[in-house]
Amino acid sequence: RGVKARFTVSVTELFGREYPAETEELAEKIFPGSTSIADAKAKILEGIKAKNERELEAAVNEALVDKLAAMCDVQLPRSLIEEQGRNMYSEKLLAMQVEQKLAPQALEQLASNKMVNEFLTKQKDEIEKICRRTVACEQLVKLEGLEVTGEALYAEVEKAKAEFTEFGTEYDENALYAQAGQELEAKLAFTWLRENCKVEVTPASRE
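Below is a summary of the structure that appears in this document.

Rules of the game
Residues numbered from 1 in each chain as written. Predicted model: local features only at pLDDT ≥ 70, side-chain atom pairs only at ≥ 80, totals over all residues. Heavy atoms only, no water. Phe/Tyr/Trp six-rings, centres within 6.5 Å; stacked < 30°, edge-to-face > 60°. Helix = DSSP H or I, 4+ residues; strand = E, 2+ residues; numbered from the N terminus. Buried < 20%, exposed > 50% of the residue type's maximum accessible area, 1.4 Å probe, protein only. Salt bridge = Lys/Arg side-chain N within 4 Å of Asp/Glu carboxyl O.

**Things to note about the packing of aromatic side chains**
And then number 1: This structure, assessed with the given rule, holds one aromatic pair.
And then number 2: Seen in terms of ring centroids, Tyr89 and Phe119 are 5.1 Å apart; in terms of plane orientation they differ by 50 degrees. Their pairing is tilted. Of the two residues, Tyr89 sits in helix α3 (residues 78-100) while Phe119 sits in helix α5 (residues 113-122), which places them 30 residues apart along the sequence.
And then number 3: A relative accessible area of 6% means that Tyr89 is categorised as buried.

**Here we look at the pattern of salt bridges**
And then number 1: Scanning all chains against the criterion turns up eight salt bridges.
And then number 2: We note a salt bridge from Lys161 to Glu158, for which the minimum N-O separation is 3.2 Å. Taken as a pair, Lys161 and Glu158 lie in helix α7 (residues 150-166) at a separation of three residues, close to a single helical turn.
And then number 3: When its relative accessible area of 15% is taken as the criterion, Lys161 is described as buried.

Remember that the coordinates give geometry; whether it matters functionally is a separate question.
As structure tokens, then:
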């Protein structure tokens, strides 16, 4: 850094690219279902915009619920923290099974009490953070009279049961109802917060 130097460079090889003609066949390879290059580009751009919108919505929801949780001054019961942690670990195992199709033996090892307890210890701060968010959302739902419909709750539980059944994973139906209720209440809280709070998105948040 800060030193001026002269270099001699020998070029031994050059590389180039040959681009195929822009045909409908190429458009189909770029983006299935496209009828032209312009159509493929438009669909790719649409997908990128949708992804950015989902990420922005998630970031806004995170920020709003964090602000709400910061106002929730409550001592979290140990049982609540442990239950939340175990639910998180179960979701993690299910995701791993979906992505990697784990063998029964590997799944049994990962589901051992030792592995679960290690997760609870390592992720303690994150679990408590999520618990505080949950309590704050539940309180907001209660104070504002927001209600989860029976139809929505049933649909959410059936969806979860189908996922567990597909991969042969055991589940507690009562626990599924409780978890589904929490998730739906969180969605109600997110909607209320977005409608009743002033949200300012800075350029840095869009990147």
